[in-house]
Amino acid sequence: MLLIVVPIRITLGEPSRCCGSALAGIQRNMDLQLQDKTALITGATAGIGLAIAQELVREGARVVIVGRTRDKIDQAIAEIGPGVVGIVADLTTAPGSDPVFAAAPLVDILVNNLGIYEPKPFVDIADEDWLRLFQTNVMSGVRLSRHYLPGMLQRNWGRIIFISSESAVMTPPEMIHYGMTKSAQLAISRGLAETTKGTAVTVNTVMPGPTRSEGIVSFLRQMASDPAATDAAVEAEFFSKHRSSSLLQRLIEGREIATTVAYLASPLSAATNGAALRVEGGLLRSIV
Ligand SMILES: NC(=O)c1ccc[n+]([C@@H]2O[C@H](COP(=O)([O-])OP(=O)(O)OC[C@H]3O[C@@H](n4cnc5c(N)ncnc54)[C@H](OP(=O)(O)O)[C@@H]3O)[C@@H](O)[C@H]2O)c1
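What counts as what
For every chain, the first residue of the written sequence is number 1, and numbering continues from 1 onward in sequence order. Only residues with pLDDT of at least 70 are given local features in this predicted model, and only at 80 or more are side-chain atom pairs given and counted; all residues enter the totals for whole chains, interfaces and linings. Numbering of helices and strands starts at the N terminus; helices are DSSP runs of H or I of at least 4 residues and strands are runs of E of at least 2. Our radius of gyration looks at C-alpha atoms and nothing else; its globule reference is 2.2 Å times the residue count to the power 0.38. We call two residues in contact if the C-beta atoms placed from their backbones are at most 7 Å apart. Put plainly, near means the residue's C-beta atom, positioned from the backbone, lies within 6 Å of the molecule or strand in question. Note on residue classes: Ala, Val, Leu, Ile, Met, Phe, Trp, Tyr, Cys and Pro are nonpolar, Asp, Glu, Lys and Arg are charged, and everything else, Gly too, is polar. Where each domain begins and ends follows an automated or database-derived domain assignment. Convention adopted: a line fitted to C-alpha atoms gives each axis, helices being fitted over their contacting stretch, and angles between N-to-C directions are expressed from 0 to 180 degrees. For classification, angles of less than 35 degrees are called roughly parallel, those exceeding 145 degrees roughly antiparallel, those between 65 and 115 degrees roughly perpendicular, and all remaining angles oblique. Pairing between strands is defined by DSSP: at least two bridges between them are needed.

### Digging into the overall build of the protein
Then step 1. What the protein contains, in helices and strands, is eight helices and nine strands.
Then step 2. At 19 Å, the protein has a C-alpha radius of gyration in line with the 19 Å of a compact globule built from 288 residues.
Then step 3. Its C-alpha atoms give the protein principal-axis dimensions of roughly 50 × 50 × 40 Å.
Then step 4. In the protein, the share of contacts with a sequence separation of at least 24, taken over all contacts with a separation of at least 6, comes to 67%.

This is how it looks when you write it as C-alpha cells:
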C-alpha cells in the first residue's frame, strides 16, 4: 500500500479579536488561487459580507463591495485595507443595480450575500413585508446573476455563491417570510447551476447558521425573554430555547462562514456545483 503524507503547515499568528472562533490566530497556507480574480460582494459593509470581503482580500482577490451609503462603504474599506473598492448602490430596487453594472461590468466571482431578517408573527406579516423581503433577499441576487452569469459562461470561468441560511430547509416559525426567501435562493442557485453544464462556471449556496453580526445581535435581543440581559445571557437563552439542536451552541463567527465561501470561490472547488453547503454549527439534524 502506498501511503502519501501531505505536509500541512499551520502557522500561529497574532491572536485575533474574534472570540469563540476556532480560526482565531490561525493563518492557513493553502493557496486558493484567487490572485487574478475579481469578486463582487453585496451587503458587504458589515457582518458576514464584510467577513467574506476580508477573507477574499486576504487570499489576494480584487474585491468590490456594495453598500447603500458612502460612509459605511468607507468604514468597511478602512477596516479591510488595500485590495478593496466600494460601490454605493441600493439593491433593494431594480434600478438600484445600475450603478453596480456601470462600475463593475464584469466580475469573476459574485457573492449574493445581501439579506434582511426580522422576527414577526405570521399574522402580522403584511403583504409589504413579504414583498420587501422578497425584493431584498431574492431579487437582488436574481438581477446580479442575470447580468453576470452570461459573461462568466462566455469566458468559461465564474463563481456565483448565494448566502442563504439554515432557515432555507428549516423554516423558522418566528419569520416565515424570511424562510421563504432563503428556500427560494436554494431553488434559484440549483436552477442556475443546471445552466452551467459542461463549463467551468459553478453556482452554489452556503447555508450559515446563527452568525455574529449587528443584525443577529439585535434579532436575538428581540427574541429574548429579558431584553435587558447581557449579550452572553441573550445568546445562551437563544440557543437553549430556539436552536437547541445546535452542536456548536454559540454564534458562528463571520470568518467561519467566509472561509467556506473563499473555498467555493476558488478554482480548487471546481467539482462542487449546484450544491448547498451547510455551515450552521450542526443544528440541522438530517444526515445529508
Ligand atoms: N447573521 C446570521 O445569523 C445569518 C444566518 C444565516 C444566514 N444569514 C444570511 O447572511 C447574509 C448576511 O447577513 P448578516 O447578518 O451578516 O447581515 P447584517 O450584518 O444584518 O447586514 C449586512 C449589510 O446589509 C445591509 N442592510 C442591512 N439592512 C438593510 C436593509 N433594510 N435594506 C438593505 N440593506 C440592508 C447593510 O449594508 P448597508 O447599510 O451598507 O447597505 C449591512 O451592512 C444574509 O443574506 C442573511 O440572510 C445570516
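### Details of the site of the ligand
Then step 1. Close contacts around the ligand come from 26 residues, with Gly-47, Gly-67, Arg-68, Gly-115 and Gly-215 the closest.
Then step 2. Broken down by secondary-structure element, the contributors of at least two residues to the shell around the ligand are helix H1 (47-58) and helix H6 (214-223).
Then step 3. Looking at the shell around the ligand residue by residue, the class counts come to nine nonpolar, 14 polar and three charged.
Then step 4. Three or more residues apiece are contributed to the shell around the ligand by two domains, here domain 1 (33-212 + 252-279) and domain 2 (213-251).

### Observations regarding the domain arrangement of the protein
Many structure descriptions define interface size as the accessible area lost when the parts assemble.
Then step 1. Taken domain by domain, the protein holds domain 1 (33-212 + 252-279) and domain 2 (213-251).
Then step 2. Between the C-alpha centres of domain 1 and domain 2 there is a distance of 25 Å.
Then step 3. Listed per partner, the contact involves twelve residues of domain 1 and eleven residues of domain 2.

### Structural notes on unusual backbone geometry
Then step 1. If you check the backbone angles, Gln-33 has positive phi at about 55° while not being a glycine.
Then step 2. Secondary-structure assignment places Gln-33 in the loop between strand S2 (26-28) and strand S3 (38-41).
Then step 3. If you check the backbone angles, Asn-156 has positive phi at about 60° while not being a glycine.
Then step 4. For Asn-156, the location among the structural elements is in the loop between helix H4 (127-155) and strand S7 (158-163).

### Some remarks on the packing of H6 against helix H7 (residues 231-241)
Then step 1. Their axes nearest at 9 Å, the elements H6 and H7 cross at an angle of 70°. Of the possible angle classes, the one that applies to H6 and H7 is roughly perpendicular. Seen from H6, the contacting residues are Val-217, Leu-220, Arg-221 and Met-223; seen from H7, they are Asp-231, Val-234, Glu-235 and Phe-238.
Then step 2. For the contact of H6 with H7, the class distribution of residues is five nonpolar, no polar and three charged.

### Thoughts on the sheet that holds strand S9 (residues 276-279)
Then step 1. Taken in spatial order, the seven strands make up an open sheet running S5-S4-S3-S6-S7-S8-S9, and their pairing is parallel. The open sheet has two edge strands with one neighbour each: strand S5 (84-88) and S9. Within this sheet the neighbouring strands show an average axis-to-axis angle of 20°, counted without direction.
Then step 2. When S3 meets strand S6 (residues 109-112), the two strands line up parallel, connected through three bridges.

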